[in-house]
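Residues per chain, in single letters:
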Amino acid sequence: MTELNLAQAINSALDLALANDQRVVLLGEDIGVTGGVFRVTDGLYQRYGGDRVIDAPVAESGIVGAAFGMAIAGIRPIVEIQFLGFAYPAYDQIVSHVGRIRNRSNHRFSAPLVIRIPYGGGIGAAEHHSESSEAIFAHTPGIKVVVPSTPYDAKGMLLAAIADPDPVVFLEPIRLYRAVKQDVPDDEYLVPLGVATTVREGTDVSLFSYGSMVRESRRAAEALSGEGVSVEVIDLRSLAPLDEEAIVAAARRTGRAVVVTESPRTAGMASEVAAVVQERALYSLLAPVERVTGWDTVVPLKRTEHHHVPGLKRISAAVRRVMEA
Amino acid sequence: MEPIRLLEVDGTLRGDPPVDLDETRRLFTAMVTARAYDSKCNAMQVQGRLATYASFEGQEAAQIGSIAALRNDDWVVATYRDAAAMWFQGYLWANLLLGRMGDERGGAPPEDVNVLPPSITVGAHMIHAVGLGWAESLQGSDRIAMALFGDGATSEGDFHEAMNFAGVFSTPTVFLCQNNGFAISMPRQRQTAAEWLTNKAIGYGMPGVLVDGNDLFAMIGVTRDAVGRARAGDGPTFIEALTFRVGPHTTTDDAARYRSDDLVEEWRRRDPIDRVRLYLQRSGGWDEAWETELAESARGAIEEAVTAAESVDPFEPGAIFDRMYSTPTSAMDRQRAALRRDGGDD
Ligand SMILES: Cc1ncc(C[n+]2csc(CCOP(=O)(O)OP(=O)(O)O)c2C)c(N)n1
């Protein structure tokens, strides 16, 4: 066991993958010599060399397209895109090729690659550096989309993503990279993809979230316990596939569901979770499902960003509403 | 290939100067003012008054010299590192500062200034310059458009599409690539196997010009030629200006991880402002009192801009719903009401 933050836990997973599987290569902008803009790949270039930790030209479509070809031909590429806002040039590769090759070749070819992308706001970054457009990727058939919120999950889920026979978009909450430390096993272990987890028990309301919104949801849950409300917090961890069984079981248990995301509201993950609850737990509900989300706006710049990204106030208000309904 | 150079590092002139002594003094003043802005921004970032800042120190001649060759109604689309160019084309320092403070009003230059807000996504804006200039010629105007971008941006697929469109449609576009040696940590050699970026121009059927980007006079000269061709309807030009980013990539970057102090020192000796000062001294256009005074008033102008930017109150919470569409949609109205009801978060 070593105490690691989320960025270090990812580094540890990459280190193990590079050490244990000669097919693994890392590909991205500034990931080598300088260790990545968030230092997530720190030291790996020095340990494994430039043929396996590859500094790429500034070309996201090229990086993902090349990784796609490599994956088909037997390499296990792990791509880093610098920020989610810079993944869009690669979107055509992801939607038109990465997510489709298994289907269009009837299993003859597959693309087992991992695309790591830092995402999310709340740190007052420059424009395009705070995007939370995960729903676009979750909406894209043929790829898996996962989001860890703890160092332990980050390492185990990344190793599971690397072992997965299908392409995985692995989103890393920027705000949590260095927020907390946790004991993380030094050896390889897998946290299965597609499985949600309960991070706080409660009986009155189920709060569903992922990424940095898990921390905000826990804050709200603690504060609300002072008001006598018992709030359960569920970390979805996987957006595609979504753990419907866990969502339905929780909604049936408490009868009240609030979904928290920092992404825009329309056609977002909160809508998807609400739809699942409606389809399979409607008759257990004591209140309408609430969505606490970013607005249908671009993420405002630093001075007014806090009006956009949900936190204690807005989550608590939604929980009180479902309690009063 | 040798870059075009008119001013040697020691300030001696090769050939005729492209501008007279008065204009040289005006452009020298502009470069000094731009550098004052740059060092003020670095200081303010450390104090927490600005978000991340990308310094352009060392690139003043490339930016001021190229803009000096434009007409003041020409279009400019540039990057996060091109504040000097944007300002010289009419953008206000106060707006540039507001943007860096994290306020959307920073993206709005005065009405008569044809400069788009800085492009932060690398590479996407070069094709916009193609469209802007193309629109001008479709409407019978002789305005042209110039795109400023870095060496790293030439690796993006959008670079190819921009260059190709400009060539095919012979648009009035000037592609000004400031090759400042690095794209974050990656040296220029890691962006392309071509010896020079100008080599790329031939593939798109346009002239490519290699120029000493730290030479104010050469920058004016080559940009003037490119602008002249564009305005005359003779199509686009690609310029590779050899320069250097003296500072880190941004205030969050640690440049010591990927480049040596010696390299930085070597480029400091080719400083674009020093070179013009030496020229002015040789030509009898400089004295110490003059520079002291202009440096003082440059700092004063920047301080005024800082005061103006910092006295702008943050937007009301609901303002984020007013900027998305010409008229807020019903969704905006509902969400504004929800924000009012629950409050924003801390
Ligand atoms: C599409 C996109 N990918 C990645 C980034 C992150 N990024 C910001 S600046 C930069 C390097 C750009 O280098 P260059 O074009 O040479 O310009 P310079 O910063 O040197 O002025 C990168 C990779 C980005 N902003 N946009």
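Computed from a predicted structure; not experimentally measured.

Here's the deal with the sheet that holds strand β13 (residues 257-260) of chain A
Residues and elements named next belong to chain A.
Turning to step 1, where the next piece is worked out: An order of β9-β11-β10-β13-β14 is seen for the five strands of this open sheet, with the pairing classed as mixed. For this open sheet the edge positions go to β9 (197-200) and β14 (290-292), each flanked by a neighbour on one side alone. Within the sheet, the average angular offset between the axes of one strand and its neighbour, ignoring direction, is 25 degrees.
Turning to step 2, where the next piece is worked out: Where β9 meets strand β11 (residues 231-235), three bridges bridge the pair, whose relative direction is antiparallel. The partner of T197 across the bridge, within β11, is D235.
Turning to step 3, where the next piece is worked out: This element, helix α8 (residues 212-225), spans β9, β10 (205-209), β11 and β13 of the sheet and lies at about 170 degrees to β11.
Turning to step 4, where the next piece is worked out: Lying over the sheet, helix α11 (residues 312-324) contacts β10, β11, β13 and β14, oriented at roughly 175 degrees with respect to β14.

Concerning the packing of helix α2 (residues 60-68) of chain B against helix α8 (residues 216-231) of chain B
Helix packing geometry: the angle between the two helix axes and the distance between the axes.
All names here are of chain B.
Turning to step 1, where the next piece is worked out: One way to put it is that α2 packs onto α8 with a least axis distance of 8 Å and a crossing angle of 40 degrees. Between α2 and α8, the interaxial angle falls into the category oblique. Between α2 and α8 lies a crossing whose hand is right-handed. From α2, A61, A62, I64, G65, S66 and A68 reach across to α8, where they touch L216, M219, I220 and T223.
Turning to step 2, where the next piece is worked out: Grouping the constituent residues of the contact of α2 with α8 by class yields seven nonpolar, three polar and no charged.

Considering the pattern of salt bridges
Turning to step 1, where the next piece is worked out: Enumeration over the complete set of coordinates arrives at 44 salt bridges over all chains.
Turning to step 2, where the next piece is worked out: Where E216 of chain A meets R175 of chain A, a salt bridge forms, and the shortest distance between an N and an O atom there is 3.6 Å. Here the residue E216 of chain A occupies a position in helix α8, and R175 of chain A occupies one in the loop between β7 (168-173) and β8 (181-184), the gap between them amounting to 41 residues.
Turning to step 3, where the next piece is worked out: Classification of E216 of chain A by relative accessible area gives buried; the value is 2%.
Turning to step 4, where the next piece is worked out: In this structure, E232 of chain A and R253 of chain A form a salt bridge, with 2.4 Å as the shortest nitrogen-oxygen distance. On the criterion of sequence distance, the pair formed by E232 of chain A in strand β11 and R253 of chain A in helix α9 (residues 244-254) is long-range, its members being 21 residues apart.
Turning to step 5, where the next piece is worked out: Put simply, R71, D73, E136, D142 and R143 of chain B are held in one network by salt bridges that share partners.

Considerations on the layout of surface pockets
Turning to step 1, where the next piece is worked out: Each pocket or cavity is described by its volume, and for the second largest pocket that value is around 650 Å³.
Turning to step 2, where the next piece is worked out: Along the wall of the second largest pocket there are 38 residues; nearest its centre are E127 of chain A together with G107, P117, P118 and I120 of chain B.
Turning to step 3, where the next piece is worked out: If you list the elements that add at least two residues to the lining of the second largest pocket, you get α3 (83-88) and α4 (93-101) of chain B.

Some points on the confidence of the model for chain B
Any region with low pLDDT has predicted coordinates that should not be read closely.
Turning to step 1, where the next piece is worked out: Per-residue confidence for chain B gives a mean pLDDT of 97; residues scoring 70 or more make up 100%.
Turning to step 2, where the next piece is worked out: Note on the complex model: pTM 0.97, ipTM 0.96.

Notes on the side chain of N179 of chain B
Residue and element names in this part refer to chain B.
Turning to step 1, where the next piece is worked out: Looking at the element boundaries, N179 is found in strand β3 (residues 173-179).
Turning to step 2, where the next piece is worked out: Here N179 falls in the buried class, since its relative accessible area comes to 7%.
Turning to step 3, where the next piece is worked out: Setting aside its immediate chain neighbours within four residues, N179 contacts D151, R188, L197, E240, A241, L242 and T243.

Quick notes on the site of the ligand
Turning to step 1, where the next piece is worked out: Neighbouring the ligand are 20 residues; E60 of chain A together with Y80, R81, I120 and G152 of chain B lie closest to it.
Turning to step 2, where the next piece is worked out: Residue D151 of chain B places a side-chain N or O atom 3.1 Å away from an oxygen atom belonging to the ligand.
Turning to step 3, where the next piece is worked out: Contact with the protein chains removes 95% of the 580 Å² of surface that the ligand exposes when unbound.

Focus on the sheet that holds strand β12 (residues 238-240) of chain A
Residues and elements named next belong to chain A.
Turning to step 1, where the next piece is worked out: If you walk across this open sheet you meet the seven strands as β3-β2-β4-β5-β7-β6-β12, and the pairing is mixed. At either margin of the open sheet sits one strand with a lone partner, and together these are β3 (53-55) and β12. Direction aside, the axes of adjacent strands within the sheet are offset by 20 degrees on average.
Turning to step 2, where the next piece is worked out: Summarising the sheet, strand β5 (residues 114-119) and β7 pair through six bridges and their orientation is parallel. Following the sheet pairing, P118 is matched in β7 by E172.
Turning to step 3, where the next piece is worked out: Contacting β2 (24-28), β4 (76-80), β5, β6 (144-146) and β7, helix α7 (residues 151-163) runs over the sheet at an angle of about 165 degrees to β7.

Looking at the packing of aromatic side chains
Turning to step 1, where the next piece is worked out: Under the definition given, this model contains 24 aromatic pairs over all chains.
Turning to step 2, where the next piece is worked out: Pairing F83 of chain A with F86 of chain A gives two aromatic rings, centres 5.8 Å apart and planes at 75 degrees, and the pair type is edge-to-face.
Turning to step 3, where the next piece is worked out: Where Y37 of chain B meets F56 of chain B, the ring centres are 6.4 Å apart and the plane angle is 5 degrees; that geometry is what we call stacked. Pair noted here: Y37 of chain B is in helix α1 (residues 21-46) and F56 of chain B is in the loop between α1 and α2, with a separation of 19 residues, a long-range link. When sorted by exposure, Y37 of chain B lands in the same class as F56 of chain B, which is buried.
Turning to step 4, where the next piece is worked out: Through a chain of ring-to-ring contacts, the aromatic side chains of Y37, Y53, F56, W87, F88 and W93 of chain B assemble into a single cluster.
Turning to step 5, where the next piece is worked out: The aromatic ring of F315 of chain B is capped on one face by R105 of chain B, whose charged end is 3.7 Å from the ring centroid.

Considering the packing of helix α1 (residues 6-20) of chain A against α7 of chain A
Residues and elements named next belong to chain A.
Turning to step 1, where the next piece is worked out: It is the contact of α1 with α7, at a shortest axis distance of 8 Å, that shows an interaxial angle of 30 degrees. Of the possible angle classes, the one that applies to α1 and α7 is roughly parallel. For α1 against α7, the interelement crossing comes out right-handed. Each of L6, A9, I10, S12, A13, L14, L16 and A17 in α1 lies in contact with α7, whose residues at this interface are P151, A154, K155, L158, L159 and I162.
Turning to step 2, where the next piece is worked out: Class assignment of the residues belonging to the contact of α1 with α7 gives a composition of twelve nonpolar, one polar and one charged.

Here is what the cut-offs are and how they apply
- Residues numbered from 1 in each chain as written.
- Chains lettered and ligands numbered in written order.
- Predicted model: local features only at pLDDT ≥ 70, side-chain atom pairs only at ≥ 80, totals over all residues.
- Heavy atoms only, no water.
- Pairing = 2+ DSSP bridges.
- Helix = DSSP H or I, 4+ residues; strand = E, 2+ residues; numbered from the N terminus.
- Axes fitted to C-alpha atoms, helices over the stretch in contact; angles between N-to-C directions.
- Contact = heavy atoms within 4.5 Å.
- Parallel < 35°, antiparallel > 145°, perpendicular 65-115°, else oblique.
- Left-handed = near helix turned anticlockwise from the far one by under 90°.
- Nonpolar A, V, L, I, M, F, W, Y, C, P; charged D, E, K, R; others polar.
- Salt bridge = Lys/Arg side-chain N within 4 Å of Asp/Glu carboxyl O.
- Buried < 20%, exposed > 50% of the residue type's maximum accessible area, 1.4 Å probe, protein only.
- 1 Å grid on protein atoms, 1.4 Å probe; cavity = no way out; pocket = protein on both sides within 12 Å on 5 of 7 lines; lining within 4 Å.
- Points joined across faces, edges and corners; volume = space filled by probe spheres on them.
- pLDDT = per-residue confidence, 0-100.
- Near = heavy atom within 4 Å.
- Polar contact = N/O pair within 3.5 Å; in protein donor to acceptor, adjacent residues only side chain to side chain.
- Areas by Shrake-Rupley, 256 points an atom, 1.4 Å probe, with all protein chains shown as cover.
- Phe/Tyr/Trp six-rings, centres within 6.5 Å; stacked < 30°, edge-to-face > 60°.
- Lys NZ or Arg CZ within 6 Å of the ring centre and 35° of its normal.

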